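What follows is the residue order along each chain.
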Amino acid sequence: MEGKEQTRVNPLIVWLFTTNHKNVGILYLVTSLYFLVVAGILALTFRIQLTVPENNFLTASAYNQAVTAHGLFMLLWVVTPLASAFANYVIPIQIGAKDMAFPRLNALSYWLYLASGIMALSSFFAPGGTADWGWTTYAPLNTLQYSPQAGGSLMGLAIIILLSSSIVATINFMVTIFRLRAPGMKLMLLPLFSIFWLVTIFLMLWAFPAFLAPLILLVADRVLGTVFFTSPEGGALLWDHLLWFFGHPEVYILLLPGLAITGDILAVFSGRKLYAKKVIVGALIVAAILSYIVWVHHMFMTGIHPGLREAFNITTELISIPFGVITISYILTLVGGKIRFTTPMLFAIGALALFIIGGASGVFNSSVALNFGMRGTFWVVGHFHYTIVGGGITGLIAGLYYWWPKMTGRMFNEKLGKLHFIIYMIGFNLLYFPMHALYDMPRRIYVYEAATGWGPINMLITMGGFLFGASFILFFWILLDSLRRGPVASDDPWNAKNYSIEWNVPSPPPEFNFPEGKVPVITAQGLEFRSINEIVGGPVSGISARIGPSKAPNIPANGGTPMEHHGPHLSPWPFVLSMGVAMTLLGLFFGPGLLILGLAVFIGSLVGWGWEDLKERFHVAIEALGEKWPFDKVENHTFAMWVFVFGEIGLFGPLFMAYFFVRANASLTGFAWPLPGQIHDITLGALNTILLFTSGLTMSLALIGAKRGEEDLLRAGLVATFILGAVFLAVKGFEWSELFAEGITFGSDISASLYYVLTGIHGAHVLAGLIALIYLIIKAYKGGFSPHRHVGVEAFAIYWGMVDAVWMFLFPLFYLI
Amino acid sequence: MDEVWKYVMVYATLMAALVIEVALAVNWRTLGPLSTAGVLAIASLQAVFGFLYYMHGIYGSRSITLMMILSLAVIIPLFIAFLFSIEFPPHITQITEG
């Protein structure tokens, strides 16, 4: 909070309305640590239950809820958001940018994350409690028949909002890292954390929407009564594939940030360059690709084709190779180094050691034969906790100690930090290592008999759990103590100045990260801070050939903002919009009053956000200079829209695959799929296709009008697109009402379920497009577009084209074949 | 060719493809799987047209096209896995017998 403008504002308002990447990072940090405490307490409750045989501390239902919520909170509300905290705080600085590409979207990501967390916590208070089906949410346990409580549906909606938040963040980071790098900052020059985070967001780009797909189907089953997971055509296998298609990339989404921080810290505190950095990055990319073709190893026992099992056995064993390469490179980084055993370094070494144990136990699981024996036992629990908590969270804790002085300007107590490390490691290993000895104990039971002999080991595990929990109390004490009376941190307390940019700016950094009027430049001699004029004025020696006067015009940023102008870093709308979403969805469960209020807030926030844009009250300092490979030919907003479209393929792709799977199964179960024209009117479907095709033409004409400065063509094109889209929705509404009148509802059969949900999701996209069109039309009539300022129209044309493209498949799938 | 006319031509092509698509499904249904394959092939071609012109992919960078291909490629393993899951459907027998 160093900006002059912000110091005059009430601190509460600043924190609620901030769009500064560092503040957003701190908000992520505090919130994810809060959820860590919640998830930890839940874990301790079910550990108490398992401590002794035939215990009755928890009921079966309470145990199941605690286990489910613990898993979901840790995976979705703790690990990745904690990594996001660091990503938000340090990545813009590491790449040499003043902020994220879209600061308001960044704030929106955080507030949607918090809103989803509030919804998830609220699910405990819904009648019957929260979800109790295990974090994997396996069908048919996730259906109303086995989990009728409303809290389960609320948890499902909470995850949908969380994933939406992550998708927004993914787009923002993708544009930021690719397009806002400082002059001379090639991708390979970035620290490992930024590189690994870039790969992580590539995984998030397709994995999170892919999880959105089954969740939408699940919520539809539970709320609308569709039959995706209760009919024989879909059922358990449909859920399994869709879940694990997301689930295995998710493992690396959880792991990679911590693993990256570990590598950075090992290099910094051993005083050595990373050993074979290019090989590490190559191995990382190979692992990321392989992560999309290993998921079936979670499904070896589902009765799938044996050939499929063999294939995924091989890919799973293959993926251990790149991680072996990364691990060996890390170890070789230490060889010959002058190692400083600071607290961050100890945690980094610990993370590496724990990850090696977790990785080694994982290789056993890839074997189909061993997998049959170990699946669903505590061996697997031990394995994945060594990987995710040992390799991932321990690395993130190392990161918190590492960047704490930079974030707060305060040092922490090193002695206590080392004590924390000792207790943490003892607690961790006491908690998770004995689980490998319970290779015959099923992981999803809440009570066991004394005759099993599992009691003593469980006692040991619980003791480890409490010790591990105690280490976090000490951790929080160290952080609070540092804030209260920690010594002032220098700019570079770890002597990491030559490793990454953040150690070359004050602790904490100024509002726009770098000295006023200067930008970082990477030259052959290293990092320099230069004025814009120095760079724009003429060729600068040592900087990438791509950077020169012709590539560095003093362009208006975001429609008229000079490059060095920084508007207020506050906007209320991300906060208000997210609260509107949360209230609306909570209102579905807790009363219509909340629902109506939520809708009003949501609509109001959209109007407010649009108004803020039209009045240009929020400015973004776009970096016109710098490295943008390989996306140097697209503008930020256009690129963001493309990234969104790529993510949409991750959503619609699995939905179309679900259609394919269900339809193919129908021929085996004897389900008579409706013939073309039997239920859905081909004429109406064709009419809607014509409407969308025509709207694609009018939208293209609008863009041509914008590019040529022909305002009449622009306005006419936009208005025509709006009318055609609205008529499309009206026709679709008519079709739905006719079907309902004929008694064909959401749950009539699997074909009806598919039709309503897929066309419903598409219809929601059309509706969202119409809302955006209202904004564009108003802006067009206010003269807000010109031949040089029309990125909004261009980005929307891409979106509308995607809506058209999706319908090009929906029409034949439901009307013609 | 004027840009406006180019888009009108694209529109006309899409409409022509729609007519053929509907004709295949309605009038040539007797072709069976060939009709289905034809309809899906036309839909795919329409989508390629949609990407190139309505989404203006033809004017975009090669990197965008590559990302688009990558995005589609990610889905392929899911298709293959589903395909091999249909062939051995014990879950179906379990559910139907249960």
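Higher on the page you've got the structure.
Remember, predicted model here, so these are calculated numbers, not experimental data.

Cut-offs and rules
Along each chain, residue indices are assigned from 1 in the same order as the chain's sequence is written. Both sets of labels track the order of writing: A upward for chains, 1 upward for ligands. The model is predicted, so local features are restricted to residues of pLDDT at least 70 and side-chain atom pairs to those at 80 or more, both for listing and for counting; the totals for chains, interfaces and linings are taken over all residues. Note that the side-chain values use all heavy atoms of the structure and ignore hydrogens as well as water. Secondary structure follows DSSP: runs of H or I at least 4 residues long count as helices, runs of E at least 2 residues long count as strands, and numbering of each begins at the N terminus. This radius of gyration counts C-alpha atoms alone. The globule rule is 2.2 Å times how many residues there are, raised to the power 0.38. Partly exposed describes any residue whose relative accessible area lies between the buried limit of under 20% and the exposed limit of over 50%, with all areas from a 1.4 Å probe on protein chains only and scaled to the type maximum. The method behind every accessible area is Shrake-Rupley, applied with a 1.4 Å probe, and residues are considered shielded solely by the protein chains displayed. Here, expected helix span is obtained from the residue count minus one, scaled by 1.5 Å. As used in this structure description, the phrase polar contact means that two N or O atoms lie within 3.5 Å; if the pair is within protein, one of them must be able to donate a hydrogen and the other to accept it, and residues adjacent in sequence are counted only when both atoms belong to side chains. Here a residue-residue contact requires only that any non-hydrogen atoms of the pair lie within 4.5 Å. By buried area we mean how much accessible surface two parts lose on assembly, using a 1.4 Å probe and totalling the loss over both. Salt bridge, as applied in this entry: a Lys or Arg side-chain nitrogen positioned within 4 Å of an Asp or Glu carboxyl oxygen. As a working rule, the residues Ala, Val, Leu, Ile, Met, Phe, Trp, Tyr, Cys and Pro are called nonpolar, Asp, Glu, Lys and Arg charged, and the rest polar, with Gly in that last group.

1. What to know about the overall build of chain A
Piece 1. Summing up its helical and strand segments, chain A has 23 helices and two strands in all.
Piece 2. At 27 Å, chain A has a C-alpha radius of gyration in line with the 28 Å of a compact globule built from 817 residues.
Piece 3. Each principal axis of the C-alpha distribution contributes one length, and for chain A these read about 75 × 70 × 50 Å.
Piece 4. Each of the 817 residues in chain A was classed as buried or not, and the buried ones make up 64%.
Piece 5. Of the roughly 27900 Å² of accessible surface on chain A, a fraction of 69% belongs to carbon and sulfur atoms.

2. Some remarks on helix α22 (residues 750–781) of chain A
An α-helix turns once every 3.6 residues. As a result, residues three or four positions apart point the same way.
Piece 1. Counted at 1.5 Å a residue, the expected span for α22(A) with its 32 residues is 46 Å, and the 46 Å between its end C-alpha atoms agrees.
Piece 2. Positive phi shows up at Gly783(A), right after α22(A), with a value of about 70°.

3. Observations regarding the environment of Ser71(B)
Piece 1. Examined against the element boundaries, Ser71(B) turns out to sit in helix α3 (residues 62–87).
Piece 2. Reaching out from Ser71(B), the side chain makes a polar contact with the side chain of Trp206(A) at a distance of 3.1 Å.

4. Some points on the interface of chain A and chain B
Piece 1. Taken together, the contact pairs 64 residues of chain A with 55 residues of chain B.
Piece 2. Buried area between chain A and chain B, summed over both chains or domains, comes out near 5400 Å², and the portion from carbon and sulfur atoms is 82%.
Piece 3. Contact with chain B buries area across many residues of chain A, yet Trp642(A), Phe693(A) and Met808(A) alone supply 11% of it, more than any other trio.
Piece 4. On the surface where chain A and chain B come into contact, there are one salt bridge.
Piece 5. Between Arg708(A) and Asp2(B) there is a salt bridge, and its shortest N-O distance comes to 3.0 Å.
Piece 6. For the pair chain A and chain B, the interface holds seven residue pairs in polar contact (both at pLDDT 80 or more).
Piece 7. The set of elements that each furnish at least two residues to the side of chain A that touches chain B consists of α7 (192–224), α8 (235–270), α19 (636–669), α20 (682–708) and α23 (791–816) of chain A.
Piece 8. The element contributing the most residues to the side of chain A that touches chain B is α19(A), with 15 residues.
Piece 9. Residues that form the side of chain A that touches chain B fall into these classes: 48 nonpolar, 13 polar and three charged.

So far we have only geometry, and geometry alone does not tell us how the molecule works.
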